[in-house]
Amino acid sequence: MPAMPQVLTVEGLLEAYRSGVQRPEQVVEAVLARIAAAVDPAMWICTAPAERLRARAAELAAALRDGPDRALERFPLLGVPFAVKDNIDVAGLPTTAACPAFSYMPRRSAAAVESLEAAGALMVGKTNLDQFATGLVGTRSPYGEVSNPFDARYISGGSSSGSAAVTARGLVAFALGTDTAGSGRIPAGCCNLVGLKPTPGLVSNEGVFPACRSLDCVSVFAHTVADAWRVLGRFAYGAQPVLPLGPDHQPLVVGVPIELKKELDAAAWQAFSLALSRLGERAGIRVEMIDMTPFHEVSALLYEGPWVAERRVALGSFLDEHRASMDRHVAAIIGRADCFSAADAFRGQYRLAELQAQCQAQFDKIDLLLVPTMPAFYTREQIARSPIECNTHLGRYTNFVNLLRLCALAVPGPFRGDGLPAGVTLIGPSGADHRLAELARRWEPLLHTRLGTGTLEPPRRTTPLPPLPGSEPTVRLVVVGAHLSGLPLNWQLVERNARLLETTRTAPEYRLFALPGTTPPKPGLVRVASGGAAIEVEVWELPARHFGSFVALIPAPLAIGTVVLEGGRELKGFICEGLAASSAQDISASGGWRNYLRTQALA
């Protein structure tokens, strides 16, 4: 089989599996070899055990042998290696947030990670970050400074430094970061990547250690817009308003900051001007100059105002008890929270509301805002000399986005004259994620010329990007047995674009029975008047258009009815005819089907 390409893409790997050019086992071995030979060990905080990756690759290879089309329906990200920023939980690996004294071992993975692994993606390791996701520079970590893949003298950007670097270097096909003030966009600009930051609330933050809980977004680093969008589609589900794909009018009105040239270094201005020229000539845009004053005032609220107290709340007593073990810049920033009162918090909210109205007035003139991803590109030495000033300047066009509940998408652009990457960022209203992604997909051939650190041109997608699964009507379904994630019938949910939302328990009103003679083995959940127990279940979200075809697959005595969850929620879910339980083994004491299977395996 041919060697793996220098840069891994999601769509490229999936096509290689479909055609038989590559196998999951081969990809895993190549990734392990690349990690071992990596020139910058600071990119990783820890990696997944090799034996676990090899075992999962073997399972996916077995699925491919049953037919690649069917396997890729079951596992839409089959065998695609990815990395996770180390403030995002992965079961069995410590979460450090780049602070060893803070380290803890999570019992389960973050919701986004669970969804990606259920789709067949291979979690390779946890990546370095600016400690507690506080910084845009990638140098605030005891695990080392992550160097830029194009020139080690320069920063990789933060706080998601490691996630961007391992993607750009071809160690994974995509990576998860987090973005509160630009941490999913600045590293993308530094590393020649797409950085997708969704509308706040579109992605669950369950299992993500917070920087600012009300603002944090899980973000995606990838090599193409289509790859990033495909990945986001596996775990985005939030009930956010979705704007129409439009606008259909031409030319598109694009807002660009007034007096931009004065704020950029010379190479950044040259690169942004070239990008704007290409778009103006061939993409049919009209530029509207925008006064960014209210946007920059919003940015000031994030670090100079009471929102820094959210970072203090996340750390709790750790800051008081372990301050000496923290990066001094991070500790100083978070420590500012002690200067603010409850009254300051309310005043900040009032001021934000005033500024939101002013920013909206600017957005009323345009279809989207287009800004340079970064105003300057700093060396690690420059950051060491002026850490706060440089960090603040880097966030000039990123810090305001989440406070205003906007979505943003960073895209590689023409390289700077000094040979370093540059990029542009599209910013749109809340819910305009699909609009931004589709525009970026159309503009990509005009802007994006090199994949990662390589020389190959990015593949060009000519078909429109589909809407996110969460942007259509859905049904939430309680799953009890063989359809649980990782079990034999889970593929029937995955192939219908269902997504795992949570693992929870029923109200203590049920008995669980092992039904005899079922293939694969299945349990039956029966509601009882007394003597019930709480049973572990999963809640999946299924597009309504697939609900009928899914129900048609369910054999008697199972059926879909109403299941009461702990706390009193009622959702549709698997139930069983009571008569069938009379000849079945009561396994309620196990607490759930997965636990029962474990005990059987050990017997």
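Described below are features of the structure shown in this document.

Analysis parameters
- The residue numbering used here restarts from 1 in each chain and proceeds along that chain's sequence as written.
- Confidence filtering applies because this is a predicted model: local features only for residues at pLDDT of at least 70, side-chain atom pairs given and counted only at 80 or more, and all residues used for totals across whole chains, interfaces and linings.
- Note: side-chain values were computed over all heavy atoms of the structure, leaving out hydrogens and water.
- Note on definitions: angles span 0 to 180 degrees between N-to-C directions of axes, and those axes are lines fitted to C-alpha atoms, for helices only across the stretch in contact.
- Numbering goes from the N terminus for both helices and strands, where a helix is a DSSP run of H or I of at least four residues and a strand is a run of E of at least two.
- An angle counts as roughly parallel when it lies under 35 degrees, as roughly antiparallel when it exceeds 145, as roughly perpendicular when it falls between 65 and 115, and as oblique in every other case.
- In this analysis, two residues are considered to be in contact whenever any of their non-hydrogen atoms come within 4.5 Å of each other.
- For this classification, the nonpolar set comprises Ala, Val, Leu, Ile, Met, Phe, Trp, Tyr, Cys and Pro, the charged set comprises Asp, Glu, Lys and Arg, and every other residue, Gly included, is treated as polar.
- Here the expected span of a helix is defined as 1.5 Å times the quantity of residues minus one.
- Think of a polar contact as two N or O atoms within 3.5 Å of one another; within protein, one of them needs to be a possible hydrogen donor and the other a possible acceptor, and neighboring residues in sequence only count if both atoms come from side chains.
- Strand pairing is assigned whenever DSSP detects at least two bridges linking the two strands.
- A pairing counts as a salt bridge when a side-chain nitrogen of Lys or Arg comes within 4 Å of a carboxyl oxygen of Asp or Glu.
- For every residue, the accessible area (1.4 Å probe, protein chains only) is compared with the maximum for its type, and the residue is labelled buried under 20%, exposed over 50%, or partly exposed between those bounds.
- Joining through side-chain atoms within 4.5 Å is the link that ties buried Ala, Val, Leu, Ile, Met, Phe, Trp, Tyr and Cys residues into a set, and such a set is a nonpolar core.
- Working definition: the arc comes from the directions between the helix axis and the C-beta atoms, pointing outward to the latter.
- Two aromatic rings from Phe, Tyr or Trp, using only the six-membered ring of Trp, form a pair when their centres are within 6.5 Å; if the ring planes differ by under 30 degrees the pair is stacked, by over 60 it is edge-to-face, and anything between is tilted.
- Whether a charge sits over a ring comes down to the Lys NZ or Arg CZ being within 6 Å of the ring centre and within 35 degrees of the ring normal.
- Cysteine sulfur atoms are paired as a disulfide whenever they fall within 2.5 Å.

1. So, the packing of helix H1 (residues 10-19) against helix H8 (residues 225-235)
Here is step 1: It is at 8 Å that the axes of H1 and H8 come closest, and there the two elements cross at 80°. On the basis of the axis angle, H1 is roughly perpendicular to H8. For the pair formed by H1 and H8, the contact residues are Val10, Glu11 and Leu14 on the first element and Ala226, Asp227, Arg230 and Val231 on the second.
Here is step 2: Across the contact of H1 with H8, the residue classes tally to 4 nonpolar, no polar and 3 charged.

2. Here's the deal with helix H10 (residues 266-282)
Here is step 1: With 17 residues, H10 should cover 24 Å at 1.5 Å per step; its first-to-last C-alpha distance of 25 Å lies within 8% of that length.
Here is step 2: Summarising the contacts, the buried residues of H10 are in contact with strand E7 (252-257), helix H9 (260-263), strand E8 (285-290), strand E9 (368-372), strand E11 (423-428) and helix H18 (433-447).
Here is step 3: Put simply, aspartate 265 is the residue that caps the front of H10, since its side-chain oxygen is 3.2 Å from the backbone nitrogen of alanine 267.
Here is step 4: Residue glycine 284 follows H10 closely and has a positive phi angle near 70°.

3. Focus on the sheet that holds strand E13 (residues 499-505)
Here is step 1: Within the open sheet, the 5 strands sit side by side as E13-E16-E12-E18-E17. Their pairing is mixed. Of all strands in the sheet, those bounded by a partner on one side alone are E13 and strand E17 (558-564). Strand-to-strand twist of the sheet, defined as the mean angle between neighbouring strand axes without regard to direction, takes the value 35°.

4. Quick notes on the pattern of salt bridges
Here is step 1: Tallied over the full model, the rule gives 33 salt bridges.
Here is step 2: A salt bridge links aspartate 179 to arginine 185, with the shortest nitrogen-to-oxygen separation between them at 2.8 Å. One exposure class covers both aspartate 179 and arginine 185, and it is buried.
Here is step 3: The salt bridge involving arginine 312 is made with aspartate 320; its shortest N-O contact spans 2.8 Å.

5. Side note on the pairing of strand E16 (residues 536-543)
Here is step 1: Of all the 8 residues making up E16, 7 are buried; the element is thus mostly covered by neighbouring parts of the structure.
Here is step 2: Judged from the 6 bridges that link them, E13 and E16 form a sheet pairing that is antiparallel. Bridge pairing links arginine 499 to glutamate 541 in E16.

6. Considerations on the nonpolar core
Here is step 1: In this structure, Phe235, Phe400 and Trp443 are the most contacted members of the largest nonpolar core, which totals 125 residues.
Here is step 2: If near-sequence neighbours (up to four positions away) are discounted, tryptophan 443 is found in contact with Leu252, Val254, Leu279, Ala283, Ile285, Leu368, Leu370 and Leu426.
Here is step 3: Of all hydrophobic cores here, the second largest spans 41 residues; its members include Leu501, Ala514, Leu542 and Ala584.

7. Description of the sheet that holds strand E14 (residues 510-515)
Here is step 1: Spatial ordering of the open sheet is given by E15-E14-E19, a layout of 3 strands whose pairing is antiparallel. A single partner strand is all that each edge strand has here, and the edge strands are strand E15 (522-527) and strand E19 (585-586).
Here is step 2: When E14 meets E15, the two strands line up antiparallel, connected through 6 bridges. Within E15, the residue paired with alanine 514 across the bridge is proline 523.
Here is step 3: Relative to E14, helix H21 (residues 593-602) is tilted by about 45°, and along the sheet it contacts E14, E15 and E19.

8. Considering helix H17 (residues 387-394)
Here is step 1: Every buried residue of H17 is accounted for by Pro387, Cys390, Asn391 and Leu394. Take H17 and look down its axis: the buried residues cluster within an arc of 100°, on one side only.
Here is step 2: Where H17 is buried, its residues meet helix H7 (186-191), helix H14 (328-335) and helix H16 (380-385).

9. Focus on the packing of aromatic side chains
Here is step 1: Applying the stated criterion to the full structure yields 14 aromatic pairs.
Here is step 2: When the centroid spacing of 5.3 Å and the interplanar angle of 85° are considered together, the rings of phenylalanine 102 and phenylalanine 318 count as edge-to-face. A residue pair is termed long-range when its members are at least 10 positions apart, and phenylalanine 102 in the loop between strand E2 (81-85) and helix H5 (111-118) and phenylalanine 318 in helix H13 (residues 318-322) qualify at 216 residues.
Here is step 3: What links up through ring pairs into an aromatic cluster is the set Phe102, Tyr104, Phe132, Phe209 and Phe318.
Here is step 4: It is arginine 70 that lies over the ring of tryptophan 491; its NZ or CZ is 4.1 Å from the centre.
Here is step 5: Geometry around phenylalanine 415 places arginine 450 over its ring, the cationic atom sitting 4.4 Å from the centre.

10. Details of unusual backbone geometry
Here is step 1: Residue proline 520 is reached from threonine 519 by a cis peptide bond, and omega for that bond is -10°.
Here is step 2: With respect to the helices and strands, proline 520 occurs in the loop between E14 and E15.
Here is step 3: Cis geometry is found at the peptide bond from alanine 556 to proline 557, where omega equals 10°.
Here is step 4: With respect to the secondary-structure elements, proline 557 resides in the loop between helix H20 (544-551) and E17.
Here is step 5: Here alanine 97, not a glycine, exhibits a phi torsion of approximately 50°, which is positive.
Here is step 6: Mapped onto the elements of the fold, alanine 97 is located in the loop between E2 and H5.
Here is step 7: Overall, alanine 97 belongs to the buried group, its relative accessible area being 0%.
Here is step 8: For glutamate 259, which is not a glycine, the phi torsion comes out positive at approximately 55°.
Here is step 9: By the secondary structure assignment, glutamate 259 is in the loop between E7 and H9.

11. Topic: the environment of serine 582
Here is step 1: Summarising the element assignment, serine 582 is placed in the loop between strand E18 (570-576) and E19.
Here is step 2: When the C-alpha atoms of serine 582 and glutamate 114 are compared, they prove to be 36 Å apart, with 468 residues separating the residues in sequence.

12. Considerations on the state of the cysteines
Here is step 1: For the coordinates displayed, the defined rule picks out 0 disulfides.
Here is step 2: Just so you know, cysteine 190 is unpaired, no disulfide at all, and the nearest cysteine sulfur is the one on cysteine 191, 5.9 Å from it.

None of this, on its own, says anything about what the molecule does.
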